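Tertiary structure, described
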Amino acid sequence: MTGFHTAADLRHACELKAAHPDATLIAGGTDVMVGLNFGHTSPAALLDVSRVPELREWSREDDTIVLGAGVPYTRIVDELGGALPGLARAARTIGSAQIRNRATVGGNLGTASPAGDALPPLLAARASIELASLRGTRRVPARDFFLGPGRSVLADDEIVAAVRIPVAAGAEQFAKLGPRNAMVIAVASVAVTLDPPRRRVGCAVGSAAPTPVVAGDAETFAGAELDWDGRRELPASVTARFAELAAAATAPIDDVRGTAGYRRHAVAVLARRTLTWAWQEYRRS
Amino acid sequence: MRVDLEVNGVRRSLDGVREGESLLHLLRERVGLPGSKNACEQGECGSCTVYLDETAVCACLVAAGQAQDSRVVTVEGLADGAELHPVQRAFVEAGAVQCGFCTPGLVVTVHDLLARTSDPGEAEIREALAGNLCRCTGYEKIFDAVRLAAGEAR
Amino acid sequence: MTVAPARPVAVRDGVGDSARRPDAVAKVRGEFAFSSDLGHDRMVWGATVRSPHAHARVLGVDASAALALPGVHLVLTAGDVPGVNRYGLERRDQPVLAEDLVRYIGEAVAVVAADDPELARRAAALVRVDYAELPALTDPELALSGGGPVLHEDGNLVRHLRIRRGAMPAAADIVVVTGEYEVGMQDQAFLGPESCLAVPDADDGVDLYCSTQWLHVDQDQLADCLGLPAEKVRLTLSGVGGAFGGREDLSVQAHACLLALRLGRPVKMSYGREESFVGHVHRHPARMRYEHGATRDGRLLYVKADILLDGGAYASTSAAVTGNAGCFAAGPYEVPAVEIDCRSVYTNNPPAGAMRGFGAVQVCFGHESQMDRLAAALGMDPVELRLRNAVDTGSVMATGQRVEGPAPVAELLRRVAGKPLPPPPGTDPRLLPGGMSNSTRAEGLLRGVGYGLSVKNICKSAGYDDFGTARVRVLARGGDVLAEVHTAAAEVGQGLVTVQAQIARTELGVERVTILPADTAVGDAGTSSASRQTWISGGAVRAACAAVRARLLERAAEVLGEGAEALRLESGQAVSELSGRAVPLVELLVTEIEETAVFRHRDTQPLDPETGQGDAHVAYAFAAHRAVVDVDPELGSVRVVEIACAQDVGKAINPAAVEGQMHGGIAQGLGLALMEEVKVRDGRILNPSFTDYLIPTTMDMPPTVLDILELPRADSPYGLTGVGEPPLLSAPAAVAAAIRDAVGAALDRIPVTPEAVAAAAVGR
Ligand SMILES: Cc1cc2nc3c(=O)[nH]c(=O)nc-3n(C[C@H](O)[C@H](O)[C@H](O)COP(=O)(O)OP(=O)(O)OC[C@H]3O[C@@H](n4cnc5c(N)ncnc54)[C@H](O)[C@@H]3O)c2cc1C
Ligand code: FES
Ligand code: FES
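Treat the numbers as computed from the prediction; the structure is a model and nothing was measured. (Residues numbered from 1 in each chain as written. Chains lettered and ligands numbered in written order. Predicted model: local features only at pLDDT ≥ 70, side-chain atom pairs only at ≥ 80, totals over all residues. Heavy atoms only, no water.)

Residues and elements named next belong to chain C. Domain parsing of chain C yields domain 1 (4-32 + 467-600), domain 2 (35-135 + 189-279) and domain 3 (397-457 + 618-764). The partner domain 3 presents 12 residues to the 10 residues of domain 2 that form the contact. Three residues, Ile105, Ala189 and Phe277, lead the burial of domain 2 against domain 3; their summed loss comes to 56% of the area buried on that side. Between the two partners, domain 2 and domain 3, sit 0 salt bridges. Between domain 2 and domain 3 we count 1 residue pair in polar contact (both at pLDDT 80 or more) in total. (Domains from an automatic or database assignment. Contact = heavy atoms within 4.5 Å. Buried area = accessible area lost by both parts, 1.4 Å probe. Salt bridge = Lys/Arg side-chain N within 4 Å of Asp/Glu carboxyl O. Polar contact = N/O pair within 3.5 Å; in protein donor to acceptor, adjacent residues only side chain to side chain.)

Take a look at the structure:
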């Protein structure tokens, strides 16, 4: 490695990235440094964005939270539990206190792992991602961001500046499954959002396909079947079908952390539970 | 490259730092503070926990260059001279130390927890310490130490 | 001389007190020097070149690219080993650096020295080794059946222990249960990485500062490898970050010494976590077939067991582990007839060796699973079945050895079974299965309770000459009496230093005790394993103190003009029981007193090679566990709610330290039950990191309920029994039993994965 560049602000970060397209961005470092310490990766240079002020802030624009890509999870948990309960719940399941103090949504997007726990909530909530470069800023729906494991639409000269997430219009849930009761990479995860004004459900699944995926059929089904006005209890047939459709949206693999069959099963169970919990919350509200 | 930072109140300028080097390596091998431990170097064990500008982090996951101009406090910086910090004293008194490899990181993590919450409940303690692995103690006496230190602080 | 009336004050922090660790303050301050913290001017760093193949011929090594890097000093291969290029605890079968053959992925082929660790690692990656791959033998069954390549001269069988006792009963009215069980490969996962500093000295010798469990056995092997007399290979123990068996074999030691001696410069080596997974041996994975026969009223009639241990590429301690697994395959039960075959084989998997519990853990999962299965077949309560068959003092074990000393097996079980059960699950999802994953609101949660009983030998067995050495010195310093204790016994975290000091205080009535660093300047202490060190090195310290005391009393007798028999040491004085007069020790110590003592436990015999019968063990230790779990049957997640453990420790020299051993052992047992497995495919470790090799966190380890019995033994110092291993032994069996109890289905393999639990729950 031959360089270490520190960006002072977003503009500077974009300039540096344009000048060093092969430099690896580093924010919380919780993915980047693991690769470096183990000698598994050897990037040409590091570009530190951990102190870029624009990335470290969040703000509210009408019904949207504009979340700087570099806001660590601890702050999301502490500050955004009301506006973005799904993301905040997911953030709380990530790593440990020390990890959450550093790690960021921008890094989770940059790593683009199917197991990124912040990602299903973004997909479920139909967030969009703001990408900045010297060429300007563009917005990409989170649902279109991922191309494959570790791959996204992010260009060499671009930086994730922010994520624009609709303020929760209703209950949101997130649950994951892992072989340990803390500090685990998800074997499967599910995020569900309810949007009663639009009569819309969001549902996305992690760790069960090459990328986090939207369970579109499950969303459509639930959106139509839920008794938004009467708020009656969910019939078991609805949750069961929803679970089935969520599982059908996945394309899991066997690996050292779990078999494909188990992942699919887990997605169904988690989808059923998260929808049930969200619905209970909605009924109480 | 060169990194300037403050460690335990002392300003340091370190030359010849590798670009991909971790803050942990810098502290242990260049500053001469091996108190922060290196059990995994992948963020899983917490044995390297230090304060970086008042935030508890895994030093193994901070690139040394990211600590430029920052203030770092390590386990070596918690005692007041010969006087142990109450958290340190509680670890000694509760018998929370066996091999001690996890201890520096745990001391910093508990210090941080108690700075934020004076009277943590059981689930809260467990959650806060979930990023600090200990292979010897089964954690039970570490929880005792947390409660002891919390009681003393009140 | 001051002769005064005695002040009868018991010494503080003596035997039986929860004395604090002398090293705790340095440890909480971050000032305690672990082997990975050592440094030296002019020091260079070593790194290891390892085989990527499970089985291959080494055709050649080309180090030119590595040596071309500025700052790289040296690359050594097998030809550079000056002595015998072999090491090993039981058989010297493992090359320090591979010669023409590599037998596992990760085997050391060359070592590199460079200016800094990163450079050394890069240089190691540049060393080109040409291999011709050979077919790899990674299935232990195949190795046993004689299929596949022969990996060592004497064949692939490391050891076969046959135990035959009693006549198998005729088949009338016998309840028979059979089962096949498997235990995965567990890693010691000590937190302190393998590391050391080797410093060459002017007389062509080397001073090695390292983490180990046994300085003298390291010295022995190193001297042979380096072609040096033992006195030129001096070892000093540095801070050890946990061991659990994983530091019995050499790792960095020989490599660092080789480099240091060749370069004439201090060399430091330190593994990262990934390398650590191939840098030490693991717990033997086991496959076990069992058959138990019992009467209708639940009396065991016979046990048949066929056990296969995968020893991996080199022997390490496989033969002794095989011995233990065989000896304890039937558990702590009275069984009139046994037929046990326990075998270990060589394969091209990573070598297996010592880990806390040493063979007894694997079979405990087997025999306890069988007891539960038998209880179910009999329609009997599993506790009752165990009580009915538990050994007691005077019972005969599978090897024909009569149990001497306390054997409160039934009592231990009654105690854990009698504890109140924990309250039902609450609503905080953090304390439900899944923990931080937020995966349940207690939907369909099942609670289960399971039991485990276990037995293991304490100290070394089967005729091994097991001893410890201690040197104790008392001197007057600054108006005070100071005792110095010097042994080569390895403090690995267990608290041996505390216990040694406590013994010296009690024996000498002196408060100030210093434990000198362990090194090879004093005689052999034996290994810090087999739960033996408090007994053996503690015994040696006690014996050395007794010799010192005798000399002090002689001096006191002279001063007081009374016979030494009536004198005792107390609170820094020699006191006469007759006259009540006393003399301060300081005044007796114008010249210091030093004594060295060697302590041995009683002899043991090897097992008969045909029948496996014999008095092979010094002592048995027992433990009982009760685990309570909550299971999410759909997802298969488990949260252990509580573990109760009862153990007889003979005498708790340091009650707090005993508790610490119990907590830690339980945690490691829980880990083996639920999550810890080194996954190996085609000889390759798939999860060499703490991201994928999971050990219990604070969210996984439940509160424990401990019950410590102190039934003194007649044949050990203070009546103590080793405490380190028993709390682990039956913890995995109890946790697995509790999960079975919850889901009502068989689970025959540990670790029990969520996936297996979910599958079992569906199939129930
Ligand atoms: C012990 C441990 C536990 C973990 N547990 C979890 C977990 O439970 N769930 C989970 O999802 N993850 C987990 N992770 C992974 C990691 O913490 C997350 O992926 C985190 O979100 C990464 O954020 P970061 O800021 O640290 O990223 P970095 O490591 O700084 O960067 C990660 C990637 O993103 C790129 N990047 C960073 N910032 C930007 C940006 N603004 N624009 C474009 N690209 C960018 C980097 O170039 C790099 O490729 C864990 C990691 C560790 C070490
Ligand atoms: S060494 Fe940093 S978390 Fe383990
Ligand atoms: S005391 Fe050894 S790892 Fe915690």
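Okay, the domain arrangement of chain A next. Residue and element names in this part refer to chain A. Its domain assignment divides chain A into domain 1 (3-166) and domain 2 (172-284). Distance from the C-alpha centre of domain 1 to the C-alpha centre of domain 2: 24 Å. Contacts between domain 1 and domain 2 engage 25 residues on the former and 26 residues on the latter. The interface formed by domain 1 and domain 2 includes 3 salt bridges. A salt bridge links glutamate 219 to arginine 126, with the shortest nitrogen-to-oxygen separation between them at 3.3 Å. At the junction of domain 1 and domain 2, the tally comes to 9 residue pairs in polar contact (both at pLDDT 80 or more). When contributions to the side of domain 1 that touches domain 2 are tallied by element, the ones reaching two or more residues are α4 (85-92), α7 (119-124) and β8 (146-148). Within the side of domain 1 that touches domain 2, the residues separate by chemical class into 15 nonpolar, 6 polar and 4 charged. (Helix = DSSP H or I, 4+ residues; strand = E, 2+ residues; numbered from the N terminus. Nonpolar A, V, L, I, M, F, W, Y, C, P; charged D, E, K, R; others polar.)

Okay, the pattern of salt bridges next. Counted according to the given criterion, the structure contains 89 salt bridges over all chains. As a salt-bridge pair, glutamate 83 of chain B and arginine 89 of chain B come within 3.6 Å of each other at their nearest N and O atoms. Residue arginine 512 of chain C is joined to aspartate 480 of chain C by a salt bridge in which the shortest nitrogen-to-oxygen separation is 3.4 Å. Taken together, the residues arginine 512 of chain C in strand β22 (residues 512-515) and aspartate 480 of chain C in strand β21 (residues 480-486) connect sequence positions 32 residues apart.

So, on to helix α17 (residues 731-743) of chain C. Residues and elements named next belong to chain C. The end-to-end C-alpha distance of α17, which contains 13 residues, comes to 19 Å, matching closely the 18 Å that a straight helix rising 1.5 Å per residue would cover. By the burial criterion, the buried members of α17 are Ala731, Pro732, Ala733, Ala734, Val735, Ala736, Ala737, Ala738, Ile739, Arg740, Ala742 and Val743. Backbone geometry just after α17 places glycine 744 at a positive phi near 65°. (Expected span 1.5 Å × (residues − 1). Buried < 20%, exposed > 50% of the residue type's maximum accessible area, 1.4 Å probe, protein only.)

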